[in-house]
Amino acid sequence: DDNISLPENCVLISNPPYGKLPAVMKVWRDCETIATNDMYSVFMEKMSKQCKNAVIISPQSFLGGGKFKKLREILSRRGGYIFSFDNIPCPIFIGRKKGIFNTNTSNSVRAAITVIDNSVGGFRVSPMIRFRTDEREIMFAQLDKLLGDFVYSGGQAWTKIPKSLEPLVKELKKADKTIGDLIEKSHARQKEEFKITVPSTPRYFISGSRRNLSRSSKIEIYAKNEEDFDRLYMMINSTFSYLWWRIYDGGITLTRQTLLTMPVPNLTTAEMKQLVKEGIDMENQCIVNKMNAGKNNENVKFPEEYRHKVNRVILSAMDFTDMEPKLFSMHSNNLAAVIPAWV
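Residues numbered from 1 in each chain as written. Predicted model: local features only at pLDDT ≥ 70, side-chain atom pairs only at ≥ 80, totals over all residues. Heavy atoms only, no water.

The next subject is empty space enclosed by the protein. By the definition in use, this model includes three cavities of 30 Å³ or more. Empty space within the largest cavity amounts to approximately 60 Å³. Forming the boundary of the largest cavity are Met128, Ile129, Arg130, Arg246, Ser332, Asn333, Asn334, Leu335, Val338 and Trp342. Listed by contribution, the elements that provide at least two residues to the lining of the largest cavity are β7 (122-129) and α11 (335-342). (1 Å grid on protein atoms, 1.4 Å probe; cavity = no way out; pocket = protein on both sides within 12 Å on 5 of 7 lines; lining within 4 Å. Points joined across faces, edges and corners; volume = space filled by probe spheres on them. Helix = DSSP H or I, 4+ residues; strand = E, 2+ residues; numbered from the N terminus.)

Encoded structure:
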């Protein structure tokens, strides 16, 4: 209610409701985030404006996407820290993302814990944290160390980058091309030999294949020419594609929009062409299958050593040769192992 205000200088602990905004709440006259049509967004706006300090647990979707730009701008008037989590033991928000109909009952909304601290300006953000039940003590003991060095303010996306990889991501963004720039958008000019199929439900890796995959959820793109095909094949089958998805989204599905925004460095080496050929030649031997909603879904899971080799070629082109172990740690499900690589 507009007429209800929080006590002056209050310290707040909150788990705001989330979901579609009920019609009764749309009468809030002073709400700047009403266009998000999301309950947790308007609650976070009001709390951030009226509290002294706060700890708020919510979905982490507000960190990215144009829908929540206004909320990020409002939060920027304050400062603090945001810890983001992958599916964790006993998921905090039990529920399924709209449009997900498979049989995996563990699908849940990824959580964020936002700490509003009046003593700091801007927000530092952690990467998405995975931990097992037996790693809970390690997680709490190391939590502050996992915060990135970047300080975010304004409406742009607040990315979830491991601290040690921030220089690498900064360099990656300098690339003058994205995947979207290298694909043929005209159906009439799309050629099958330059087609790459990307499954849109990542788990611990993202892959792209020349082989057509028997699955319902996939993204199909067509390179403009052979050189662009090789560059795209390398980037999608490297850890970079998984890193990009994790820092900008990391929910349940890889969207076409997120994939097409990934930068692509200029890669033109004989070693690159050989690795593309090697990948295509072993696609049929790397097929894995998973049942979703009673239907079989194919994916290509390349050996780890292949992904290592692809990473090293790209990192060499970017002058970050020694970064490969830290980059590859993005695939790990072992918190104790990734902490030294991330901090």
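Time to look at the pairing of strand β8 (residues 195-199). Counted residue by residue, β8 has five buried out of five residues, so it is predominantly covered. Neither face of β8 is exposed, since Lys195, Thr197 and Pro199 on one face and Ile196 and Val198 on the opposite face are all buried. By the bridge criterion, five bridges tie β8 to strand β9 (residues 218-222) in an arrangement that is antiparallel. Within the sheet, the bridge partner assigned to Lys195 lies in β9 and is Tyr222. (Buried < 20%, exposed > 50% of the residue type's maximum accessible area, 1.4 Å probe, protein only. Pairing = 2+ DSSP bridges.)

Before going further, it helps to spend a moment on the packing of helix α5 (residues 226-236) against helix α8 (residues 270-282). Packing of α5 against α8 leaves a shortest axis separation of 10 Å and a crossing angle of 70 degrees. Classified by the angle between their axes, α5 and α8 sit roughly perpendicular to one another. Of α8, the residues touching α5 (which contributes Glu226, Phe229, Asp230, Arg231, Tyr233 and Met234) are Met272, Lys273, Leu275, Val276, Gly279 and Ile280. Taken together, the residues that form the contact of α5 with α8 break down as seven nonpolar, one polar and four charged. (Axes fitted to C-alpha atoms, helices over the stretch in contact; angles between N-to-C directions. Parallel < 35°, antiparallel > 145°, perpendicular 65-115°, else oblique. Contact = heavy atoms within 4.5 Å. Nonpolar A, V, L, I, M, F, W, Y, C, P; charged D, E, K, R; others polar.)

Positionally, Arg307 belongs in helix α9 (residues 304-317). Leaving out residues up to four positions away in the same chain, Arg307 has contacts with Phe205, Ile206, Asn237, Ser238, Thr239, Phe302, Phe328 and His331.

Direction vectors running N to C along α8 and α9 enclose 155 degrees, while the axes themselves pass 10 Å from each other. When the axes of α8 and α9 are compared, the pair comes out roughly antiparallel. α9 is crossed by α8, and the crossing has left-handed handedness. Two secondary-structure elements touch here, α8 through Glu271, Met272, Leu275, Val276, Glu278, Gly279 and Met282 and α9 through Tyr306, Lys309, Val310 and Val313. Taken together, the residues of the contact of α8 with α9 break down into seven nonpolar, one polar and three charged. (Left-handed = near helix turned anticlockwise from the far one by under 90°.)

This part is about the environment of Gly122. Mapping Gly122 onto the fold places it in strand β7. In sequence terms Gly122 and Gly79 are 43 residues apart; their C-alpha atoms lie 4.3 Å from each other. When neighbours within four sequence positions are excluded, Gly122 is seen to be in contact with Arg78, Gly79, Gly80, Val151 and Tyr152.

This paragraph deals with the state of the cysteines. A complete count under the given rule lists zero disulfides for this structure. Cys31 forms no disulfide, and the closest cysteine sulfur to it belongs to Cys51, at a distance of 15 Å. Overall, Cys31 belongs to the buried group, its relative accessible area being 11%. Cys10 supplies the cysteine sulfur nearest to Cys51, a cysteine that is in no disulfide, at a spacing of 5.7 Å. (Disulfide = S-S within 2.5 Å.)

This part covers the nonpolar core. The nonpolar side chains of a soluble globular protein tend to be buried with one another. Ranked by size, the top nonpolar core spans 85 residues in total, and within it Phe62, Leu168, Ile179, Ile221, Leu232, Met234 and Phe240 carry the most contacts. Excluding anything up to four places from it in sequence, Phe240 contacts Leu168, Leu172, Met235, Met262, Ile314, Leu315, Met318 and Leu327. If you look at the next biggest cluster of nonpolar residues, it comprises six residues, including Leu21, Trp28, Cys31 and Val42. (Core = buried A, V, L, I, M, F, W, Y, C linked by side-chain atoms within 4.5 Å.)

On to the confidence of the model for the chain, then. Per-residue confidence for the chain gives a mean pLDDT of 91; residues scoring 70 or more make up 94%. A low-confidence stretch, residues 97-102 (pLDDT under 50), is modelled with eleven contacts involving residues beyond four sequence positions or located in other chains. (pLDDT = per-residue confidence, 0-100.)

At Asn9, a residue that is not glycine, the phi angle is positive and equals roughly 60 degrees. Considering the arrangement of structural elements, one finds Asn9 in the segment before β1 (11-14).

Take helix α6 (residues 239-248) next. Among the ten residues of α6, nine are classified as buried, and the element is accordingly described as predominantly covered. Contacts from the buried residues of α6 go to β7, α4 (166-172), α5, α7 (256-260), α9 and α10 (324-328). Its side-chain oxygen at 3.1 Å from the backbone nitrogen of Phe240, Ser238 defines the N-terminal cap of α6. With its phi angle positive at about 85 degrees, Gly250 sits one or two positions after the end of α6. (Polar contact = N/O pair within 3.5 Å; in protein donor to acceptor, adjacent residues only side chain to side chain.)

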